[in-house]
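Residues per chain, in single letters:
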Amino acid sequence: MSGSMSGKIELCSAGEVAPGAALKVEHGDLTLAVFNVDGEFHVTDDACTHGPGSLSEGYIEGDVVECNFHNGQFNIKTGEVVAPPCMIPIKTYRTVVEDEKVFIVL
């Protein structure tokens, strides 16, 4: 089993992120936002691609997060831009939940 774990990074426990909420997690040089969308976990870069906003502190409605800085919006699942002024998609990470822990797969 240790071989399968080499590409995964544990971020948090599933219980730390309520449905409709997000959690900022720092791991090494990564600053990530862990989102719980209707019980499904999604992970993106935390930094907005438009300015200094933190997406984990943004406003979440369904599968869209609105940056709290300039109100640009991204699709949490795909990273695609939903509303300006943002133009560059955010990076998303393949996410798995095992034993009530949230991991990203690198």
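No experiment lies behind these values; they were computed from the predicted model shown. In this numbering scheme, every chain counts its residues from 1 along its sequence in written order. Thresholds applied to this predicted model are a pLDDT of at least 70 for local features of residues and 80 or more for the giving and counting of side-chain atom pairs; totals over whole chains, interfaces and linings are not thresholded and use all residues. As a rule here, side-chain values cover all heavy atoms of the structure and leave hydrogens and water aside.

### Let's talk about the packing of aromatic side chains
Aromatic rings considered in pairs are described by the distance between their centres and by the relative angle of their planes. Classification of ring pairs uses Phe, Tyr and Trp, with its six-membered ring standing for Trp, and accepts pairs whose centres are within 6.5 Å; under 30 degrees between planes counts as stacked, over 60 as edge-to-face, and the remaining range as tilted. Under the definition given, this model contains zero aromatic pairs. Geometrically, a charge over a ring is one whose NZ (Lys) or CZ (Arg) sits within 6 Å of the ring centre while staying within 35 degrees of the ring normal. Sitting over the face of the ring of Phe 103, Lys 8 holds its NZ or CZ atom 5.4 Å from the ring centroid.

### Details of the environment of Gly 15
Going along the chain from the N terminus, every DSSP run of H or I of four or more residues is numbered as a helix, and every run of E of two or more is numbered as a strand. Summarising the element assignment, Gly 15 is placed in the loop between strand E1 (8-13) and strand E2 (22-27). Overall, the relative accessible area of 71% leaves Gly 15 in the exposed class. Each C-alpha atom of the pair Gly 15 and Val 102 lies 9.4 Å from the other, and the pair is 87 residues apart in sequence. To sort residues, take the accessible area from a 1.4 Å probe on protein chains only and compare it with the maximum for the residue type: under 20% means buried, over 50% means exposed, and anything in between is partly exposed.

### Brief notes about unusual backbone geometry
Going from Pro 84 to Pro 85, the amide bond is cis rather than trans, its omega being 15°. Phi at Asp 38 is positive, roughly 55°, even though this residue is not glycine. With respect to the helices and strands, the residue Asp 38 is situated in the loop between strand E3 (30-37) and strand E4 (40-45). A positive phi angle, close to 50°, is found at Asp 99, a residue other than glycine. Locating Asp 99 in the fold gives a position in the loop between strand E9 (92-98) and strand E10 (101-105).

### A short note on the sheet that holds strand E6 (residues 64-66)
Two strands are said to pair when DSSP picks up at least two bridges between them. The antiparallel open sheet is built from four strands, whose spatial order is E5-E6-E7-E8. Each end of this open sheet is capped by a strand with a single partner; those strands are strand E5 (59-61) and strand E8 (81-83). Neighbour-to-neighbour, the strand axes of the sheet open up by a mean angle of 30°, direction not taken into account. In this structure, strand E7 (residues 73-75) lies alongside E8, joined through two bridges in antiparallel fashion. Looking at the pairing, Phe 74 lines up with Val 81 of E8. Angles here are taken between N-to-C directions and fall from 0 to 180 degrees, while the axes themselves are lines fitted to C-alpha atoms, restricted in helices to the stretch in contact.

### Details of the pairing of E3
Summarising burial for E3: seven of the eight residues are buried, a large majority. Relative to E3, E2 runs antiparallel, the two being bridged by six bridges. Within E3, the position partnered with Leu 23 by the bridge is Val 34. Connecting the antiparallel pair E2 and E3 is a turn made up of two residues, with Gly 28 showing a positive phi of about 60°. Bridging between E3 and E4 involves six bridges; their strand directions are antiparallel. Paired with Val 34 across the strands is Val 43, a residue of E4. Linking E3 back to E4 in an antiparallel pair, the connection comprises two residues, with Asp 38 at a positive phi of about 55°.

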